[in-house]
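Each chain is listed here by its residues.
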Amino acid sequence: MRAGESDEDILVPPDVWRARLHLRRGGWFTEKPVPLPAAKVTAFLRRYAGPAREVLARPETEPELAEAGRIALDDTDRTGALGVAVVVAAVGDAAPWQKIGTAVASAELWASRRGLAIASEAAVLLAGLYARGSVRRRTPDQHAYPRPYHGWVDAQTHFSTGVRARLATGGDDERAAAEAAIAPYRRDGTPLQRLMTSFLVPDREDWLVEDLAWVATAHLPWGVGVPLLLSSVRTVAQLESAVAVLDPKSLDRSGPTLPSLVEGLGAEALPTLLRCYDTGDVADIVAVLPTDAAFQALIDRCTLPALRDAAERYPHRAVRLLALSDVKEMRAELHAHVVRHPEVAEAVLPALSGSAAQRVRAALGPLAGVRDAPADRLPPFLVSPSWAGARPARKPVAGLTAEFPAQVHWLPGERDRHLHRGDVHDSLTQTADLDRGEWERLARDVLGRAVGLSELFVTGPAHLVLPLLDEGKSPDLWLLDDWLPQVLARFGTDALPLAVRVAPQTPAVVAPMLLPFTSPAVAALMAGWFRTKTIRAVAHEWLLRHPGAAARGLIPAALGSNASRRSRAEAALLAVAAGGNQQTVLEAATGYGPEAATAVTALLGDDPLWAAPATVPEVGAWADPVTLPRIALRDGSGVLPVASVRHLLTMLALSRLGEPSPGVTIAQRVLQPRDLAEFGWAVFERWRADGMPSKDGWALDVLSLTGDDETVRRLVPVIRAWPGEAGHARAVTGLDVLAVLGTDLALMHLHGIAQKAKFVALREAAATKIAHVATARGLSEDDLADRLVPALGLAADGTLRLDDGSRWFTVGFDDQLMPYVSDESGRRLKALPKGAPAARARFSAMRKDVRTIAAGQLTRLELAMITGRRWTGAGFRAHLAGHPLLRQIVRRLIWGVYDDDTLVHSFRVAEDGTFADVTDDLLPAADDAVIGLPHPVELGAAVDRWSQVLEDYRIGQPFAQLSREVFTPTGTGRDRSAKPPLCTR
């Protein structure tokens, strides 16, 4: 036994298994289960006595069973085992499945009233009954249930489980009497009744051995009934006999059978479990087993939640075995485990050697000398957040009501878009020539049939439609997004009540239609939608588009006594004020009187952290603060304490994509950016490892708040892969993260996905988002792409100096924009020395970025040559010739100055950044000059001269420009006035 592991070779069942096990005499849990109060069980049986009598009264119910059941229902004190069995079967058939668990308690009730022997015999008799709308006996050769026997699905199983628990914890005399009562059924009962006897008395090993031998030749359908025996086996041989005739996957893995099996066999059950199941199906069972083989099985199959549970249960074993694994995920788990249990790691370390010892030392290393920052150097919310305590009470302002007329404010072209939103496919669309009487008859017909109402709203005369809108008539919601915009555009505020009525049923469809409208009802809807994930953006747009109406509509609720309405209105009102409309909000408050004005002023002056929802999200166990990377403060006073990390995680969970909570904004100012980025990535990776639960989707959003360029490099391959893993929605959210992060590298990758991605839907989503970014900046997508190429820290001449203390290296680029490194003498190196870790890391990151940039920019420039894209002289200098990275490509190409799409001059960019023509004379180009990449067709005879110039200067082109093969149309049919075609291959 290894040092420190004396207690880790003992199987201690989890407490939660107490309620999951089929108890056995002398087993782990010997105390009698606490029964439900008898009055509650009696009330349950009384409640379903009527429906049970109906089951018994049906002609399909056998007369003897019906009579026994009625006696049991009428007089529980004189019923026998058959009556008990029939009542449990009939009640189980009549009661909702959610209530059937009470049958366990009814076993205790019947045992206490009629004795354990009768209750035990009743459990065996139940195995011989069939209750589905009636109660009937099974014939001796009738094995099959309507479905395979699943541990605790029906009342029969619940009842027998309760009886077994009573037998396991009862006295010796009553157990002996019960055994005597059920023993005859081993000879005279049905097959399932025989197997039930072995289930109820698992310590009768002779019964178990007989039954295992019998089922091996009985050919039971689906192995039905065999799970009863699995709960009683005690040896591997017995287990193998059972699984030989059973499809293990037919078992309910969350039920009591497998824990009961482990109670009987312990760790010896492991090989069979691993052979019969995917480890994920039984991982929680395997995690309890105290052996290296069990723990290694979890490592090999990377079942992380169960692995973490096993690591906490057996911490020494976890350090030892995780340290031996080369798998990336296991290295992360080792680091987290060592951080959580450094003393265990220190104890195990002397017994380790080689790479295993190195990994443990590496995990322990960052912990040495780490000190928590003192509380007085932290923002208050990271020490004692106000939202974690009781919110100061604010006295409601009574008597306020939002009352102002509904209005509509159309943006240019918006009403026309609504009016022509869709087609109404109905005969009513062909009614332009109907007279008044015909319209009225048609309207009566529509109202009588209750169909066609939406078409009537779109096409009918106003004198017929307006009363219907006012009466609260609501048409079918089919094609709502087609007809409702037309009705709103046609009737304006008269149609608003209709939209408000149908909005709660289809909020995502109706919300955008309400953007032009203002009213108290619309304000209330938008305040509610502002708290949702899917419609929040629309609601936010409305709040900022109509700040005055929003404030007037929301102030009464924000100052009212209804807590939920107040919370929604406050959050929306604060969003209006945060959008630069604080004075508008205050002016609206003045209209409600001095008391309201004072209250709103106080609300706007509150700690912004009060904007958090009333229910603060609970961060999942997967984001254990102890195991996450530590974050240093910018001022060098220490690292963020674990308690403060918990508060930070909560604030991150409260944030929304593009809308960080105020606490996060504060944290970004005081925490080291690189540490924060590593922390955010670790949170994201833990979420992925935990199966990416949707309720914790903020772990992806958080990258937009904590990330840097290294985060982008890691995230982009994940985004590109997700659609192929049924994760398109996550991938689109990842695109949003890149857009919100907004660094040049993030947007460059977003543009790259829009240009080239394996999945069309992802490519289209990226194109939409990059178009939005370009529009927001007032640029075309091509101009935006010019501005998105990161400089990567290069000097103006396009080189980078890497200093490693005692020596320095220079990074340059070849014809294909691939980086290389030279030493101080100018000699190119195959690789940086291993003794220069900082330089190696910087060069490695640059090489990754440049590989991505080169592929995209070479394609983009070649396409610009083919399509004839143009730049201004100023834009060309700023974003191409003057860019420290792109200049490496630019000076290897031939450029041209154009006049009205005609090439006037061609030039190259010299090493000093000047423009030189083919004779190496300086060529000036004004800021408003038109510059492009000439195709060889346009260069004509100059192609040979330029080729010679580049050869003289030993300049290779990054793609075929001068050497591009050109095909020129010939023949008399050629239009000689047309522009020469750029036909290339």
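How each quantity is defined
- Residues numbered from 1 in each chain as written.
- Predicted model: local features only at pLDDT ≥ 70, side-chain atom pairs only at ≥ 80, totals over all residues.
- Heavy atoms only, no water.
- Helix = DSSP H or I, 4+ residues; strand = E, 2+ residues; numbered from the N terminus.
- Contact = heavy atoms within 4.5 Å.
- Areas by Shrake-Rupley, 256 points an atom, 1.4 Å probe, with all protein chains shown as cover.
- 1 Å grid on protein atoms, 1.4 Å probe; cavity = no way out; pocket = protein on both sides within 12 Å on 5 of 7 lines; lining within 4 Å.
- Points joined across faces, edges and corners; volume = space filled by probe spheres on them.
- Nonpolar A, V, L, I, M, F, W, Y, C, P; charged D, E, K, R; others polar.
- Patch = residues over 30% accessible without salt bridge, like charges linked within 9 Å, V, L, I, M, F, W, Y side chains within 5 Å.
- Salt bridge = Lys/Arg side-chain N within 4 Å of Asp/Glu carboxyl O.
- Lys, Arg positive; Asp, Glu negative; His and termini not counted.
- Charge placed at Lys NZ, Arg CZ, Asp CG, Glu CD.
- Buried < 20%, exposed > 50% of the residue type's maximum accessible area, 1.4 Å probe, protein only.
- Pairing = 2+ DSSP bridges.
- Phe/Tyr/Trp six-rings, centres within 6.5 Å; stacked < 30°, edge-to-face > 60°.

A. How the structure looks around the overall build of the protein chain. For the protein chain, the helix and strand inventory stands at 49 helices and 13 strands. Considering only contacts within the protein chain whose residues lie at least 6 apart along the sequence, 68% involve residues at least 24 apart. Carbon and sulfur atoms make up 53% of the accessible area of the protein chain, which totals about 44,600 Å².

B. Just the layout of surface pockets, in detail. Of the pockets and cavities examined, the second largest pocket occupies roughly 730 Å³. As for the second largest pocket, its lining consists of 25 residues, of which K328, E329, A332, W681 and E685 are closest to the centre. Within the residue set of the lining of the second largest pocket, elements represented by two or more residues are α18 (304–313), α20 (328–340), α22 (354–364), α37 (673–689) and α40 (709–721). The residue makeup of the lining of the second largest pocket, split by class, is 11 nonpolar, 2 polar and 12 charged.

C. Up close: a positive patch on the surface. Taken together, the side chains of K834, R840, R847, K848 and R851 define a basic patch exposed on the protein surface. Along the chain, the position of R847 falls in helix α45 (residues 837–867). Looking at R847, the relative accessible area reads 36%, which means it is partly exposed.

D. Here's a closer look at the pattern of salt bridges. A complete count under the given rule lists 45 salt bridges for this structure. Among the salt bridges present, the one from E240 reaches R275, with a minimum N-O distance of 2.8 Å. Taken together, the residues E240 in helix α13 (residues 236–243) and R275 in helix α15 (residues 270–276) connect sequence positions 35 residues apart. The partner of D901 in a salt bridge is R870, with the nearest N and O atoms 3.1 Å apart. A residue pair is termed long-range when its members are at least 10 positions apart, and D901 in the loop between β10 (895–899) and β11 (902–909) and R870 in strand β9 (residues 870–872) qualify at 31 residues. Using a relative accessible area of 43% as the deciding quantity, one classes D901 as partly exposed.

E. Region of interest: the sheet that holds strand β6 (residues 808–813). With antiparallel pairing, the 4 strands of this open sheet are ordered in space as β5-β6-β7-β8. This sheet does not close on itself; its edge strands, each paired only once, are β5 (800–803) and β8 (828–829). Bridge analysis of β5 against β6 gives 4 bridges, and the strand direction is antiparallel. Bridge pairing in β6 places R801 opposite T810.

F. Quick peek at helix α19 (residues 315–322). For α19, the tally of buried residues reaches 8 of 8 residues, placing the bulk of the element in the interior. Looking at α19, one finds that the buried residues are P315, H316, R317, A318, V319, R320, L321 and L322. Summarising the contacts, the buried residues of α19 are in contact with α17 (292–301), α18, α20, α21 (342–348) and α22.

G. Structural view of unusual backbone geometry. Phi at C302 is positive, roughly 55°, even though this residue is not glycine. Mapped onto the elements of the fold, C302 is located in the loop between α17 and α18. Positive phi, close to 55°, is recorded for R954, a residue that is not glycine. Tracing the chain through its elements places R954 in the segment after α49 (942–952). Residue classification places R954 among the exposed residues on the basis of a relative accessible area of 79%.

H. The packing of aromatic side chains, seen in detail. The full count for this structure, using the stated rule, is 11 aromatic pairs. Plain terms: the ring middles of W410 and F517 are 5.7 Å apart, the flat faces sit at 75° to each other, and that makes the pair edge-to-face. Of this pair, W410 sits in the loop between β3 (407–408) and α23 (414–419) while F517 sits in strand β4 (residues 517–518), and the two are 107 residues apart along the sequence. When its relative accessible area of 25% is taken as the criterion, W410 is described as partly exposed. Measuring from centroid to centroid gives 6.1 Å for F684 and W722, while their planes differ by 70°, and the two rings are edge-to-face. Residue F684 is found in helix α37, and its partner W722 is found in the loop between α40 and α41 (728–741); the two are separated by 38 residues along the sequence. Each member of the pair, F684 together with W722, is buried. Here the aromatic cluster, defined as three or more aromatic residues joined through ring pairs, consists of W871, F876, W895, F907 and F915.

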